[in-house]
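Given next are the chains, with one letter for each unit.
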Amino acid sequence: MNIQQREQFNVIVQKIEKYARQNPSYYKLRVFLLAILGYAYITFVFLLMCGGIWTLRNLVVSTQSDYLVKRINYVIIILIVGIIRLFWVKFQRPKGLELYRQQLPDLFAIIDEIRETLKAPRIHHILLTYEHNAGVLQIPRLGFLGWQKNYLLLGLPLLQSLSVEQFRSTIAHELGHLSGNHSRFSGWVYRVRRTWYQLASTGDFFLFKHFFQWYEPYFNAYSFALARAQEYEADRRSVEICGIETSAEELINIYIHNSFLHEVFWKNIYEKAIHSSEAPNGTITKLLQALRTDIKTHDAVKWLGLACSDITNNDDTHPCLSERLEAMGYLINPNNTNKLPAYIKETAAEYFFDETLFSFAAYLDEQWKREIALYWQKMHVRLMYQQQNLTALEAKAYRYTLTPEQAWKRGVLTEKFQSQEAAIKIFSSLLASDPNHASSNYELGRILLQNYDGKGIDYLNKAIDLDPELVIPSCEILYGFYMRCSQPEQANKYLLLRQQYQPSFKLFQLERQHVNHTDKFIAHDLSPVEVQQIAEHLSNYSSVGKAYLVIKRTKIFPDKPLYVLGIIRYFVRGTGADYQPDAELIEQINAEINLRSQVHVIIFNQTNMKLYGAVTRVRDACILSYK
């Protein structure tokens, strides 16, 4: 979804939410009729195809040729079988390790108890995954006709983050989506939304594909208010069964542990890709251990404060943490460490799995390693290219003065592959000659505050003043630093500033995710020296024949250029098996271009000729043409 589609989506959602508040009964009726439209369209297509076959048979019968009638009957049988297969849409079974009642009787007993209380349908399969998440998924046996098979997905890391009572709250929330006690209609719409989304994603038949590519986003937007209400409803089911305190602490623990995994654990794991093209062994086992021992109190306070300052948006039907807690009737002061959930003496994972915990973790270790293998290899290649770029920049630095962008990139890569001390020297030297280099102010301030050096405060404040893209990451660092220094008033100033920038920053990121021919492009603003350096670098690739550099015009933070580098490749004789795939070439160019601003690299081919035309029409776009 691009920024224009997002804006249209938000307009529809805001309009419908207002209508739903004013006319709740009519709103539900409209959602019901819109949901039925999907089924009606599929039925219409089915009858249309059957009618076409019947008309064809009548035409053949009118010829009074017994031979043709027999043949057309055979053809009709084949076509009917084909139509049935066409409408029998298959939905992919979720991945995970199947759990059985005899293995984990206590786990199944809790699920059965909550399911009966909520009058939720039977759970046919319970799957254990390596994700820090839980969810219910319904796979229709009869395609779009329904007859659901219900899956409950339980992430072992999530169970390691919660107590048994908090885990009960998670189950109550997930089964609340299927509950027959309350809001049966909302639950039905919740399932229909997933069905149409899956059909739009997997349906290849052209009559389905084009209709559902229009219908599913519109139905998603129209039913969005009801889907969000369903999340609150599921939270209420959780509170009814487990109480306010337990349900609130379950949510808080999930947010804190998820932040730890994202910002600390997985970051450290992925950094190992530089040393090996193969993912490490025992990763999920290490994850379970880290969840118990590696989360520091001051980090937990910071993550809780940031989570509570988030605002609800239309990226997800889930409301933000503060609104969910408020709806539960739970008041929280994130600046008060006493409000952090108490340390869990025995996690749900330890209670249910007991001595078998790490044998299950070992299975998930191997599953994660298999599924991450391709992505891990790509990370390894990317890091190898970045390391090569650092070597090249260091060699250049001995011969002549680097440009500010090259010096900044050298500092970033030096910290990544060598040490923070060496990076501090590079950034300090750059700022001595160019004090207003925003990214260098940010990087130096971040490193200093990581090492508890208060001098970093001024650098981050300057980065905030110079570059709107750096406001949110700078505010998060400063908030955490002041909270650790027991200065909540100072910390809250940055929390408020972060909150103010969040909507714009999300649009900023969305606007820069994709480039297509309908975008507006203008001439680049780089100096002749910088352009020459890029051209000379691209000339080292034997398959790069021409290169075009432009800027995509953007609405959000327009002073932050988004460069588009379009490349035409030529086949080079003698390359054979060594010919570099497009994706790998793009990865290498991205790793070796020394610009602070984002660069979107594109290989022009038959699939994007309209984009080629839009880029090449820009004045002075061509920066390399030597073949």
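The structure reproduced in this document is the subject of the present report. (Residues numbered from 1 in each chain as written. Predicted model: local features only at pLDDT ≥ 70, side-chain atom pairs only at ≥ 80, totals over all residues. Heavy atoms only, no water.)

Here we take up the overall build of the protein. On a plain count of helices and strands, the protein comes out with 24 helices and nine strands. By sequence separation, contacts in the protein at least 24 residues apart represent 75% of the contacts at least 6 residues apart. Only carbon and sulfur atoms are counted for the fraction: they give 53% of the accessible area of the protein, which is about 31,600 Å². (Helix = DSSP H or I, 4+ residues; strand = E, 2+ residues; numbered from the N terminus. Contact = heavy atoms within 4.5 Å. Areas by Shrake-Rupley, 256 points an atom, 1.4 Å probe, with all protein chains shown as cover.)

Throughout the structure, instances matching the rule amount to 27 aromatic pairs. Measuring from centroid to centroid gives 5.3 Å for phenylalanine 167 and phenylalanine 352, while their planes differ by 65°, and the two rings are edge-to-face. Of the two residues, phenylalanine 167 sits in helix α6 (residues 164–176) while phenylalanine 352 sits in helix α14 (residues 348–353), which places them 185 residues apart along the sequence. Relative accessible area serves as the criterion here: at 8%, phenylalanine 352 is assigned to the buried category. (Phe/Tyr/Trp six-rings, centres within 6.5 Å; stacked < 30°, edge-to-face > 60°. Buried < 20%, exposed > 50% of the residue type's maximum accessible area, 1.4 Å probe, protein only.)

This part takes up the pairing of strand β4 (residues 148–155). The pairing of strand β2 (residues 125–129) with β4 spans five bridges and is parallel. The partner of leucine 128 across the bridge, within β4, is leucine 154. Across seven bridges, the pairing between strand β3 (residues 134–140) and β4 is antiparallel. Residue pairing in the sheet places alanine 134 in a bridge with leucine 154 of β4. (Pairing = 2+ DSSP bridges.)

Okay, the nonpolar core next. Grouped together as the largest cluster of nonpolar side chains are 89 residues, with contacts concentrated most on Leu154, Leu156, Leu175, Phe352, Phe353 and Trp368. Those residues in contact with phenylalanine 352, other than ones at most four positions away along the chain, are Leu104, Asp106, Leu107, Ile110, Leu159, Val164 and Phe167. (Core = buried A, V, L, I, M, F, W, Y, C linked by side-chain atoms within 4.5 Å.)

This next bit is on the state of the cysteines. Should the sulfur atoms of two cysteines be covalently bonded, the bond is a disulfide. Enumeration according to the criterion identifies zero disulfides in this entry. As a non-bridged cysteine, cysteine 308 has cysteine 320 as the owner of its nearest cysteine sulfur, 8.6 Å distant. Using a relative accessible area of 14% as the deciding quantity, one classes cysteine 308 as buried. (Disulfide = S-S within 2.5 Å.)

Take unusual backbone geometry next. Its identity as a non-glycine residue notwithstanding, lysine 119 has a phi of 55°, on the positive side. Take lysine 119: it is sitting in the loop between α4 (105–118) and β2. Residue class for lysine 119 comes out exposed when judged on its relative accessible area of 58%. For phenylalanine 557, which is not a glycine, the phi torsion comes out positive at approximately 50°. Along the chain, phenylalanine 557 turns up in the loop between β6 (544–552) and β7 (562–569).

A separate point is the sheet that holds β2. Overall, mixed pairing links the four strands, which are arranged β1-β2-β4-β3 in an open sheet. At either margin of the open sheet sits one strand with a lone partner, and together these are β1 (97–98) and β3. Strand contacts of α6: β3 and β4, with the helix running at about 30° to β3, the strand carrying the most contacts. (Axes fitted to C-alpha atoms, helices over the stretch in contact; angles between N-to-C directions.)

A complete count under the given rule lists 22 salt bridges for this structure. Arginine 498 serves as the salt-bridge partner of aspartate 310, at 3.0 Å between the closest nitrogen and oxygen. Here aspartate 310, found in the loop between α12 (297–309) and α13 (321–328), pairs with arginine 498, found in helix α21 (residues 488–511); they are 188 residues apart in sequence, far enough to count as distant. Overall, aspartate 310 belongs to the partly exposed group, its relative accessible area being 24%. (Salt bridge = Lys/Arg side-chain N within 4 Å of Asp/Glu carboxyl O.)

Here α21 spans 34 Å end to end across 24 residues, near enough to the 34 Å set by a 1.5 Å rise per residue. When we look at burial in α21, the residues that qualify are Ala491, Tyr494, Leu495, Arg498, Gln502, Phe505, Phe508, Leu510 and Glu511. (Expected span 1.5 Å × (residues − 1).)

The next point concerns the pairing of strand β8 (residues 599–603). Regular strands show a simple pattern: their side chains alternate between the two faces of the sheet. The element β8 is largely enclosed, with a buried count of four among its five residues. Two elements, β7 and β8, share five bridges in a ladder whose sense is parallel. Looking at the pairing, valine 564 lines up with histidine 600 of β8.

By the secondary structure assignment, glutamate 174 is in helix α6. Salt bridges are absent for the buried glutamate 174, whose nearest opposite-charge side chain, arginine 324, sits at 7.1 Å. Excluding residues within four positions of it along the chain, glutamate 174 makes contact with Ala134, Gly135 and Val136. (Lys, Arg positive; Asp, Glu negative; His and termini not counted.)

Once that is clear, we can look at the side chain of serine 309. Residue position: serine 309 is located in helix α12. Of the residues examined, serine 309 reaches a relative accessible area of 5% and is grouped as buried. In terms of polar contacts, serine 309 uses its side chain to reach the side chain of arginine 498, at 2.7 Å. When near neighbours in sequence (up to four residues on either side) are disregarded, serine 309 contacts Leu495, Arg498, Gln499 and Gln502. (Polar contact = N/O pair within 3.5 Å; in protein donor to acceptor, adjacent residues only side chain to side chain.)

Below, the discussion takes up the packing of helix α15 (residues 357–399) against helix α23 (residues 582–592). Relative to each other, α15 and α23 sit at 40°, their axes nearing to 8 Å. Pair α15 / α23 crosses with right-handed handedness. For the pair formed by α15 and α23, the contact residues are Arg382, Tyr385, Gln386, Gln388 and Asn389 on the first element and Glu584, Glu587, Gln588, Ala591 and Glu592 on the second. When the residues that make up the contact of α15 with α23 are grouped by side-chain class, the tally is two nonpolar, four polar and four charged. (Left-handed = near helix turned anticlockwise from the far one by under 90°. Nonpolar A, V, L, I, M, F, W, Y, C, P; charged D, E, K, R; others polar.)

What follows is about the packing of helix α10 (residues 244–270) against helix α11 (residues 283–293). α11 packs onto α10 with a crossing angle of 135° between their chain directions and a minimal axis gap of 11 Å. Between α10 and α11, the angle falls in the class oblique. With respect to the hand of their crossing, α10 and α11 are arranged in right-handed fashion. Touching His257, Phe260, Leu261, Phe265, Trp266 and Ile269 of α10 are Thr283, Ile284, Lys286, Leu287, Ala290 and Leu291, all from α11. (Parallel < 35°, antiparallel > 145°, perpendicular 65-115°, else oblique.)

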